[in-house]
Amino acid sequence: MTKESRPAHEPIPEWDEAADEILDGCGYDPDLGKRMAEDAIKITNGELTEQEFHEKYHEEVKTEFGTDERPTKPEGFDD
Amino acid sequence: MTNYGLVIDQERCIGCHSCAMSCKQENNVPMGQAWNRVLTVGGDHIDTPEGSYPEDGDDGTLEMSYQPTACQHCENAPCVKVCPVNATYKREDGIVEIDYDKCIGCRYCMAACPYNARVFNWDEPQHRPEEGTGDVEERPQGVVEKCTFCSHRVEEGLDPACVVNCPADARIFGDLDDDGSTVSKYVAEYDTNRLLDEKGTDPKTYYIQGEMSPGRPWKGKELESELDEQPTPEEADDPDSEESMRRATADAVWGDD
Ligand code: SF4
Ligand code: SF4
Ligand code: SF4
């Protein structure tokens, strides 16, 4: 299946519940985890670039974890 | 470059759970956890058939086929992209691995994995026997773990435990970047399916459906690349033949390792 023919990612209600259970009490922001998980699929799907993903969450990840070591960091990205 | 992948021939798989058990044993997977699960296709639950029971004298349509499922070692892995501390990473040889010393247990990777391939050690891991099993150190409480493609074996020139212990030769492991490897040939020759292909994760596990392949065409525990001679896949075995049954039973009882 090519990038162009891939269907857009639609949120799945069952996943929503499962993700809530997975992230409940994880000690970090569960809402951030859910949003990043959804957007990571949008990258694989071709709806979002790694650069957009990195920039979108960089500040939140740094605030939450004190670091941002994700491999999505674009070259020359200023921390 | 090497790019490891797995082919699972669902036409050969007999649903015996040997892969699941040998995975658990080899990798010291804690009680209550599984890295490799043998799902059934079409049924409502794991281990339920699809179709309907015979009614009013008809034959019914019950059917059971199997889909062993573990980490798919996605090329474009969502779990890797979300890990804030880079504990989950992709190796040069395509294996997606977790650095358990780095993992902080945030479980973001679990939420991002569309294959439900990861498990979290909620409690102190327990093993039977207590000292554990296999050749891999236990992982502590509070980290995520999953299939490693048995990287500790692969680094020693050995096929993964689940591959060696499949009595139906339904699992074939090898280098997808080598056109001459059995995995590459089977992907080219047979109808294969990758789970959730439409998500673009580019999984490295291919499922053969439709026509049965000859399966893993060599005995022993070595990786294909370690063999002196290239194995030549013969005609597919008839899994119901007496010889196949005898061999499957002997392998399952005595092991091949
Ligand atoms: S199957 Fe899940 S855990 Fe494995 S590489 Fe893909 S996203 Fe990551
Ligand atoms: S649970 Fe561990 S491996 Fe998973 S995203 Fe968090 S730190 Fe990374
Ligand atoms: S490759 Fe190794 S870790 Fe992965 S399912 Fe098979 S036995 Fe388990």
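Residues numbered from 1 in each chain as written. Chains lettered and ligands numbered in written order. Predicted model: local features only at pLDDT ≥ 70, side-chain atom pairs only at ≥ 80, totals over all residues. Heavy atoms only, no water.

1. Overview of the overall build of chain B
Logical step 1: A tally of helices and strands in chain B yields 7 helices and 10 strands.
Logical step 2: Taken over the C-alpha trace, chain B has a radius of gyration of 19 Å; the compact-globule value for 257 residues is 18 Å, and the two agree within 12%.
Logical step 3: Along the first, second and third principal axes, the C-alpha set of chain B runs to 55 × 55 × 40 Å.
Logical step 4: In chain B, which comprises 257 residues, the proportion classed as buried is 51%.
Logical step 5: Here the contacts in chain B between residues at least 6 apart in sequence split such that 65% fall between residues at least 24 apart.
Logical step 6: Mean positive and mean negative side-chain charge positions of chain B (23 and 54 charges, respectively) differ by 7 Å. (Helix = DSSP H or I, 4+ residues; strand = E, 2+ residues; numbered from the N terminus. Rg over C-alpha atoms; globule rule 2.2 N^0.38 Å. Buried < 20%, exposed > 50% of the residue type's maximum accessible area, 1.4 Å probe, protein only. Contact = heavy atoms within 4.5 Å. Lys, Arg positive; Asp, Glu negative; His and termini not counted. Charge placed at Lys NZ, Arg CZ, Asp CG, Glu CD.)

2. Quick look at the side chain of R118(B)
All names here are of chain B.
Logical step 1: By the secondary structure assignment, R118 is in the loop between helix 3 (108-112) and strand 6 (119-120).
Logical step 2: It turns out R118 is buried and unbridged, and the closest side chain with the opposite charge, E97, is 10 Å from it.
Logical step 3: Side chain to side chain, R118 and T88 meet in a polar contact 3.1 Å long.
Logical step 4: If we ignore the near neighbours within four places in the chain, the residues touching R118 are C79, T88, V96, I98, C109, M110, C113, V144, E145 and K146. (Salt bridge = Lys/Arg side-chain N within 4 Å of Asp/Glu carboxyl O. Polar contact = N/O pair within 3.5 Å; in protein donor to acceptor, adjacent residues only side chain to side chain.)

3. Observations regarding the interface of chain A and chain B
Logical step 1: With 34 residues of chain A in contact, the opposing surface of chain B contributes 24 residues.
Logical step 2: Interface area for chain A against chain B, summed over the two sides, is near 2200 Å², with a carbon-plus-sulfur share of 65%.
Logical step 3: Taken together, the connections running from chain A to chain B amount to 1 salt bridge.
Logical step 4: Applying the counting criterion to the chain A and chain B interface returns 9 residue pairs in polar contact (both at pLDDT 80 or more). (Buried area = accessible area lost by both parts, 1.4 Å probe.)

4. Remarks on the site of ligand 1
Logical step 1: As a structural note, the neighbourhood of ligand 1 is formed by 13 residues, with C71(B), C74(B), C79(B), C113(B) and R118(B) the closest of them.
Logical step 2: Among the residues making up the shell around ligand 1, the classes are represented as 9 nonpolar, 2 polar and 2 charged. (Near = heavy atom within 4 Å. Nonpolar A, V, L, I, M, F, W, Y, C, P; charged D, E, K, R; others polar.)

5. Quick notes on the sheet that holds strand 9 (residues 192-193) of chain B
Residues and elements named next belong to chain B.
Logical step 1: Ordered by their spatial adjacency, 4 strands build an open sheet running 8-1-10-9, and the pairing between neighbours is mixed. Only two strands of the sheet have a single neighbouring strand rather than two, namely strand 8 (171-175) and strand 9.
Logical step 2: In this structure, strand 9 lies alongside strand 10 (residues 205-208), joined through 2 bridges in antiparallel fashion. Within the sheet, the bridge partner assigned to N193 lies in strand 10 and is Y207.
Logical step 3: Across the sheet, helix 6 (residues 182-189) touches strand 1 (4-9), strand 8, strand 9 and strand 10, and the angle it forms with strand 8 is around 110 degrees. (Pairing = 2+ DSSP bridges. Axes fitted to C-alpha atoms, helices over the stretch in contact; angles between N-to-C directions.)

6. Some points on the pairing of strand 8 of chain B
Residue and element names in this part refer to chain B.
Logical step 1: Burial within strand 8 is extensive, with 5 of its 5 residues counted as buried.
Logical step 2: Bridge count between strand 1 and strand 8: 5 bridges; the pairing is antiparallel. Within strand 8, the residue paired with G5 across the bridge is G174.

7. Structural notes on the packing of helix 2 (residues 30-45) of chain A against helix 3 (residues 50-65) of chain A
All names here are of chain A.
Logical step 1: Between helix 2 and helix 3, the least distance of the axes is 11 Å, while the angle of their chain directions is 160 degrees. Viewed along their axes, helix 2 and helix 3 adopt a mutual orientation that is roughly antiparallel. The two elements helix 2 and helix 3 cross, and the hand of that crossing is left-handed. Across from L32, R35, M36, D39, A40 and I43 in helix 2, the residues of helix 3 making contact are E50, F53, K56, Y57, E60, V61, E64 and F65.
Logical step 2: A per-class count over the contact of helix 2 with helix 3 returns 8 nonpolar, no polar and 6 charged. (Parallel < 35°, antiparallel > 145°, perpendicular 65-115°, else oblique. Left-handed = near helix turned anticlockwise from the far one by under 90°.)

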